[in-house]
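# Close look at the chain arrangement
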Amino acid sequence: MPFMTIIEGGVSLLYCNGVFRQANLYHRNGDVYAKWGAGFVRLGAGGATSHPNVKWREVDTGNAGMWRENIHRVEFIPAATHIEMVAA
């Protein structure tokens, strides 16, 4: 079982030292991660990430689900879960 699950169609716009980069999105235990080099950075609230010099500007999870900023992190809610929450 992989530790990170790709968010199909999910992309983010990251920047570091004035350089912008588009990165694929992944999720694990509800947290959203973006591919950065050979690893990943966790997306935090307000554009922060787990790397002090990397920030995120935009996030798009496509049709795979929705995202929201929780207190200190960005959460991913898969489409099936989102539909169940709306229907309840």
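A few points on the structure. Remember, it's a predicted structure, so these values are computed and weren't measured experimentally.

This part is about the packing of aromatic side chains. Taken as a whole, this structure holds three aromatic pairs when the rule is applied. Centroid distance Tyr26 to Phe40: 5.0 Å. Interplanar angle 75°. Geometry classified as edge-to-face. Here the residue Tyr26 occupies a position in strand E2 (residues 19-28), and Phe40 occupies one in strand E4 (residues 39-42), the gap between them amounting to 14 residues. Phe40 sits in the partly exposed class, given a relative accessible area of 33%. Where Trp56 meets Trp67, the ring centres are 5.6 Å apart and the plane angle is 90°; that geometry is what we call edge-to-face. In this pair, Trp56 sits in strand E5 (residues 55-60) while Trp67 sits in strand E6 (residues 65-69), placing the two residues 11 residues apart along the sequence. On the accessibility criterion, Trp67 (28% relative accessible area) is partly exposed. Positioned above the aromatic ring of Trp36, the side-chain terminus of Arg21 is 4.1 Å from the ring centre.

Below, the discussion takes up the side chain of Thr49. Within the element layout of this structure, Thr49 appears in the loop between E4 and E5. Of the polar contacts made by the side chain of Thr49, one reaches the backbone oxygen of Val54; its length is 2.6 Å. With residues near it in sequence (within four places) discarded, Thr49 still touches Val41, Arg42, Leu43, Gly44, Val54, Lys55 and Trp56.

Judged by nonpolar contacts, the single largest core of 15 residues is most densely connected at Leu14, Leu25, Val32, Ala34, Trp36, Leu43 and Trp56. Of all elements in the fold, only strand E1 (5-16), E2, strand E3 (31-36), E5 and strand E7 (74-78) reach the threshold of two or more residues within this core. If near-sequence neighbours (up to four positions away) are discounted, Trp56 is found in contact with Leu13, Leu14, Tyr15, Leu43, Gly44, Gly47, Ala48, Thr49, Trp67, Glu69 and Val74.

Another aspect to go through is the environment of Ala23. Topologically, Ala23 is positioned in strand E2. Look at Ala23 and you get buried, because its relative accessible area is 5%. Taking the C-alpha atoms as reference points, Ala23 and Gly37, separated by 14 residues in sequence, lie 9.5 Å from one another. What Ala23 contacts, discounting residues up to four positions off in sequence, is Gly10, Val11, Ser12, Leu14, Ala34 and Lys35.

About the cut-offs
Residues numbered from 1 in each chain as written. Predicted model: local features only at pLDDT ≥ 70, side-chain atom pairs only at ≥ 80, totals over all residues. Heavy atoms only, no water. Phe/Tyr/Trp six-rings, centres within 6.5 Å; stacked < 30°, edge-to-face > 60°. Helix = DSSP H or I, 4+ residues; strand = E, 2+ residues; numbered from the N terminus. Buried < 20%, exposed > 50% of the residue type's maximum accessible area, 1.4 Å probe, protein only. Lys NZ or Arg CZ within 6 Å of the ring centre and 35° of its normal. Polar contact = N/O pair within 3.5 Å; in protein donor to acceptor, adjacent residues only side chain to side chain. Contact = heavy atoms within 4.5 Å. Core = buried A, V, L, I, M, F, W, Y, C linked by side-chain atoms within 4.5 Å.

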